[in-house]
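# An overview of the molecular structure
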Amino acid sequence: QAKLAGKNGHRFYSLAMDQAVERRMHMEHELRGAWERGELSLAYQPVMRMEDRTLVGVEALLRWQHPEFGSVAPPVFIDVAEQSGLIDVIGPQVLHAACVDTQAWQQRFPAAADLFVAVNVSPRQLRGAAFASEVEAALRESGLSPRHLHLELTETAVIGDEARIGQLLNALRTLGVKIWLDDFGTGFSGLSHLRRVPVDGVKIDRSFVADVLRDPDDLALTTAIISMAHSIGITVVAEGVEKEGQFEVLRDRGCDLGQGFWLGVPMTAREFDALLG
Ligand code: C2E
Ligand code: MG
Ligand code: MG
Ligand code: MG
């Protein structure tokens, strides 16, 4: 495309690329030490049981509030962290903080005695040699029981190297940690992953949930995912539940758990405190 645009077009293209690279390097530089400076924090979004709409868990979602950039979108800075290797530092900090916060809620509030926390794990983190010991350290240091920790992996994170990842996940599951596949249905061959990678649940991608009321195909696919998951004995979570109608349809189709703006928005640990209190 740059070639077809001719000499000027090419130079313009290069300049834009240089600027993008520079912006990225600047962001990477700023992300270093962001946790220690208090710019990174976790937001917690409630996960509800669909049957009776009770709170059963939370998903920890990383936030970056930068003095100059403002609030940076997670997919943007997570990608920078992933590509630069900074996730090797940030990942364990997220795991540790999520376990500590959740253990404290369990201790302080009867309604949260059995609360679980779901933590997102990036592909690079999962492949790191220290991953299993990082998980064990977070559990040991926080005192959270392993069954209250859920790890969310994307389908792309488990592609390739399935044998090694399968072993790793089985070791974690032996501890009691639960494994969920995130954004389920968007990958290539979701079903074939379930044959090779041991998981405890799938989170139906919100792009399906968004259209269950309008698009019969999306409703059919969602219904099929729920029944397939149940037939192999795993849990189904719907993400992105934004409307009561979506909630009702998913509940009636037997979806186990749900998450979304209609059920509860992501909030600070302090706001979640207030909700429980
Ligand atoms: P995800 O794991 O699929 O997280 C769900 C995303 O959907 C969150 O976006 C959440 O705020 C948003 N969401 C929740 N309910 C609704 C709803 O009803 N409607 C809509 N439209 N959106 C909803 P967020 O926080 O911007 O995170 C985006 C992605 O960034 C996450 O997707 C996850 O892949 C990644 N991420 C976030 N925190 C972490 C982290 O600590 N570590 C890693 N590795 N990735 C993270
Ligand atoms: Mg997630
Ligand atoms: Mg998701
Ligand atoms: Mg559609």
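Given the structure is predicted, the values throughout are model-derived calculations rather than measurements. (Residues numbered from 1 in each chain as written. Chains lettered and ligands numbered in written order. Predicted model: local features only at pLDDT ≥ 70, side-chain atom pairs only at ≥ 80, totals over all residues. Heavy atoms only, no water.)

Turning our eyes to something else, we now look at the overall build of the protein. The helix and strand tally for the protein stands at 12 helices and 10 strands. Since a compact globule built from 277 residues should have a radius of gyration of about 19 Å, the 20 Å found for the protein is in line with a globular shape. Dimensions along the principal axes, computed over C-alpha positions, put the protein at roughly 65 × 45 × 40 Å. Counting across all 277 residues of the protein, residues that qualify as buried make up 47%. Expressed as a percentage of contacts within the protein between residues at least 6 apart in sequence, the contacts between residues at least 24 apart total 67%. (Helix = DSSP H or I, 4+ residues; strand = E, 2+ residues; numbered from the N terminus. Rg over C-alpha atoms; globule rule 2.2 N^0.38 Å. Buried < 20%, exposed > 50% of the residue type's maximum accessible area, 1.4 Å probe, protein only. Contact = heavy atoms within 4.5 Å.)

The subject of this paragraph is the coordination of the magnesium ion (ligand 2). Around the magnesium ion (ligand 2), the protein contributes the donor atoms Glu 59 (OE), Asn 120 (OD1), Glu 152 (OE) and Asp 182 (OD), at 2.0 to 2.2 Å from the metal centre. Taken in sequence order, the residues that donate to the magnesium ion (ligand 2) follow the motif E-x60-N-x31-E-x29-D. Taken as an interatomic distance, the gap from the magnesium ion (ligand 2) to the magnesium ion (ligand 3) is 4.1 Å; Asp 182 donates to each of them. Of this pair, Glu 59 sits in strand β2 (residues 54-66) while Asp 182 sits in strand β6 (residues 178-184), placing them 123 residues apart in sequence. Taken as a pair, Glu 59 and Asp 182 share a single burial class, namely buried. (Donors = N, O, S within 2.8 Å, 3.2 Å for Na, K, Ca; no water.)

So, about the layout of surface pockets. Estimated volume of the largest pocket: approximately 980 Å³. Of all elements in the fold, only β2, α2 (74-84), α3 (87-108), α4 (123-127), β5 (149-154) and β6 reach the threshold of two or more residues within the lining of the largest pocket. Counted by class, the lining of the largest pocket contains 13 nonpolar, 9 polar and 10 charged residues. Considering only enclosed or pocket space, the second largest pocket measures out at about 320 Å³ in volume. Around the second largest pocket, the lining comprises 18 residues; the ones closest to its centre are Val 56, Asp 114, Phe 116, His 150 and Leu 257. Contributions of two or more residues to the lining of the second largest pocket are made by β2 and β6. Considering only residue class, the lining of the second largest pocket consists of 10 nonpolar, 3 polar and 5 charged. (1 Å grid on protein atoms, 1.4 Å probe; cavity = no way out; pocket = protein on both sides within 12 Å on 5 of 7 lines; lining within 4 Å. Points joined across faces, edges and corners; volume = space filled by probe spheres on them. Nonpolar A, V, L, I, M, F, W, Y, C, P; charged D, E, K, R; others polar.)

Looking now at the packing of α3 against helix α12 (residues 269-276). The interhelical angle for the contact between α3 and α12, taken along N-to-C directions, is 20°, at an axis separation of 11 Å. Judged by the angle between their axes, α3 and α12 are roughly parallel. Pair α3 / α12 crosses with right-handed handedness. Only Ala 269, Phe 272, Asp 273 and Leu 276 of α12 make contact with α3, whose side of the interface consists of Asp 101, Trp 105 and Arg 108. (Axes fitted to C-alpha atoms, helices over the stretch in contact; angles between N-to-C directions. Parallel < 35°, antiparallel > 145°, perpendicular 65-115°, else oblique. Left-handed = near helix turned anticlockwise from the far one by under 90°.)

Not every one of the 21 residues close to ligand 1 is listed here, only the nearest: Arg 63, Asp 182, Arg 206, Glu 242 and Phe 261. In this structure, Leu 62 approaches ligand 1 through a main-chain N or O atom, which is 3.0 Å from a nitrogen atom. Protein burial of ligand 1: of its 800 Å² of free accessible surface, 84% is covered by the chains. Structurally, ligand 1 is housed in the largest pocket. Of all elements in the fold, only β2, α2 and β6 reach the threshold of two or more residues within the shell around ligand 1. Here the shell around ligand 1 gets 4 residues from one element, more than from any other, and that element is β2. When its residues are assigned to classes, the shell around ligand 1 shows 8 nonpolar, 5 polar and 8 charged. (Near = heavy atom within 4 Å. Polar contact = N/O pair within 3.5 Å; in protein donor to acceptor, adjacent residues only side chain to side chain. Areas by Shrake-Rupley, 256 points an atom, 1.4 Å probe, with all protein chains shown as cover. Sits in = over half its atoms within 2 Å of the grid points.)

A few words on the coordination of the magnesium ion (ligand 4). Bound to the magnesium ion (ligand 4) are the protein donor atoms Asp 215 (OD) and Asp 218 (OD), situated 2.5 to 2.7 Å from the metal. Looking at Asp 218, the relative accessible area reads 13%, which means it is buried.

All right, on to the environment of Arg 270 then. Structurally, Arg 270 can be placed in helix α12. Looking at Arg 270, the relative accessible area reads 73%, which means it is exposed. For the pair Arg 270 and Tyr 44, spaced 226 residues apart in sequence, the C-alpha separation works out to 9.8 Å.

Within the secondary structure, Ser 142 sits in helix α5 (residues 131-142). According to the relative accessible area criterion, Ser 142 is buried, its value standing at 11%. In this structure the side chain of Ser 142 is engaged in a polar contact, spanning 2.7 Å, whose partner is the backbone oxygen of Ala 138. Only 3.3 Å separates the side chain of Ser 142 from the backbone oxygen of Leu 139, close enough to count as a polar contact. When sequence neighbours within four positions are dropped, the list of residues in contact with Ser 142 reads Cys 99, Val 100 and Gln 103.

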